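Coordinate analysis (summary)
If you want the building blocks of each chain, they are given just below.
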Amino acid sequence: MSEDERERRTSEHPADLTREREAFVRQFLRKGVEVTESLLEENREVREQLQRTREENARLRAQVASDDAIRDLLRKIEQLEAERRALLAKSDELDERTKQNEVRTFEIEQELHDLANLYIASSHLHATLSVRGVVKHLSELLQQLMGGERYAIFLMERNGERAWPLLSENLGELGSVVVGEGPIGIAMMTGIARIRDDEPLPPGTLEEPLAIVPMMVRGVCVGVIVVVSVLAQKERWAAVDHALFDFLGSHGGTALIAANQYASQSDPRTALDGIERHLSAPQVGQSSAPPAGE
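Residues numbered from 1 in each chain as written. Predicted model: local features only at pLDDT ≥ 70, side-chain atom pairs only at ≥ 80, totals over all residues. Heavy atoms only, no water.

Our focus in this paragraph is the overall build of the protein chain. In terms of helices and strands, the protein chain carries five helices and six strands. Looking at the 294 residues of the protein chain, the share that counts as buried comes to 21%. Here the analysis covers contacts within the protein chain between residues at least 6 apart in sequence; of these, 50% occur between residues at least 24 apart. Summed over all atoms, the accessible surface of the protein chain reaches about 21,100 Å², with 54% contributed by carbon and sulfur. (Helix = DSSP H or I, 4+ residues; strand = E, 2+ residues; numbered from the N terminus. Buried < 20%, exposed > 50% of the residue type's maximum accessible area, 1.4 Å probe, protein only. Contact = heavy atoms within 4.5 Å. Areas by Shrake-Rupley, 256 points an atom, 1.4 Å probe, with all protein chains shown as cover.)

Laid out in structure tokens, this is it:
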């Protein structure tokens, strides 16, 4: 082997080592780069996952807060609904009380109206001692307070067998009525009123009147009030009408008797003559009290 060849071989070994070292370094660096890139990629993925986790956490927190707000809102709505139901119940109760008060107010007003009518009837009937005045007031009460359109008043004769017409309205010429015959005669015989309660009130006739009210004095019939028909706007008898019938039946005859007795007097004071004697005299059908000691 020549010297040149030996030197060439000797110089070749360092060149291989250098290449191997460079290759190793390059491979190491490449691995390092790959590892670094892998770490960076993992870091990026971790960061992205962390960001997603944060966003999800924020979303969950917002949802939880929203759910809490919704629950609070639902509780508030339920509370408001309960208050609304309570207010509606209170309103219904107040409406019912208002209706009851309105009904009671109407009843009170009606009672006051009825009392006013009774007061007017009583004051007018007893305000005069004139026979014409009493007859006029009886006619006005039947027409204005009771809505009578056709009516009449009959007075009993002394023998109690017939009754003659004292006054009539829209009935033309009337004859006498025989006691015990027909509805009017039977009412005078029995002393029992006959008042129809049909609704609406039908058109009446003299043979079938709407109301027949005997005028009684001390249990004796002295006459009768007959209402044949009423005005078109009056459809039924009200409670005050029945009270007025009772009043006229018990006070009409008395007012006529008082006016008839007073007609023969020249002065109101002379009409009181003998009142003391009448007070001390025993009543009809009663004997005087026995002397003391008997």
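Moving on from the coordinates now.
With that settled, the discussion passes to the confidence of the model for the protein chain. Should the pLDDT be low somewhere, the predicted coordinates at that spot are not to be read in detail. Averaged over all residues, the pLDDT of the protein chain equals 81, while 90% of them reach at least 70. Counting contacts from residues 285–294, a segment whose pLDDT is below 50, to residues more than four positions away or on other chains yields two contacts. (pLDDT = per-residue confidence, 0-100.)

Right, let's get into the environment of Leu 138. Tracing the sequence through the fold places Leu 138 in helix α2 (residues 131–145). Put simply, Leu 138 and Leu 256 are 118 residues apart on the chain and 9.8 Å apart in space, counted from C-alpha to C-alpha. Each residue touching Leu 138, except ones within four places of it in the same chain, is listed here: Leu 125, Ile 153, Leu 248, Gly 252 and Leu 256.

Right, let's get into the pattern of salt bridges. Within this structure, the stated rule accounts for eight salt bridges. Where Glu 41 meets Arg 44, a salt bridge forms, and the shortest distance between an N and an O atom there is 2.0 Å. Of this pair, Glu 41 and Arg 44 both sit in helix α1 (residues 3–125), three residues apart, which is roughly one turn of that helix. One salt bridge connects Lys 234 with Asp 241, and the closest N-O pair in it is separated by 2.8 Å. Accessibility assignment for this pair places Lys 234 and Asp 241 in one class, buried. Each of the salt bridges in this network shares a partner with another, and the network as a whole consists of Glu 41, Arg 44 and Glu 48. (Salt bridge = Lys/Arg side-chain N within 4 Å of Asp/Glu carboxyl O.)

Our focus in this paragraph is helix α4 (residues 239–262). Helix length check: α4 (24 residues) gives 34 Å between terminal C-alpha atoms against 34 Å at 1.5 Å per residue, within 8%. Residues of α4 that are buried include every one of Val 240, Asp 241, Leu 244, Phe 245, Phe 247, Leu 248, Gly 249, Gly 252, Gly 253, Ala 255, Leu 256 and Ala 259, and no others. (Expected span 1.5 Å × (residues − 1).)

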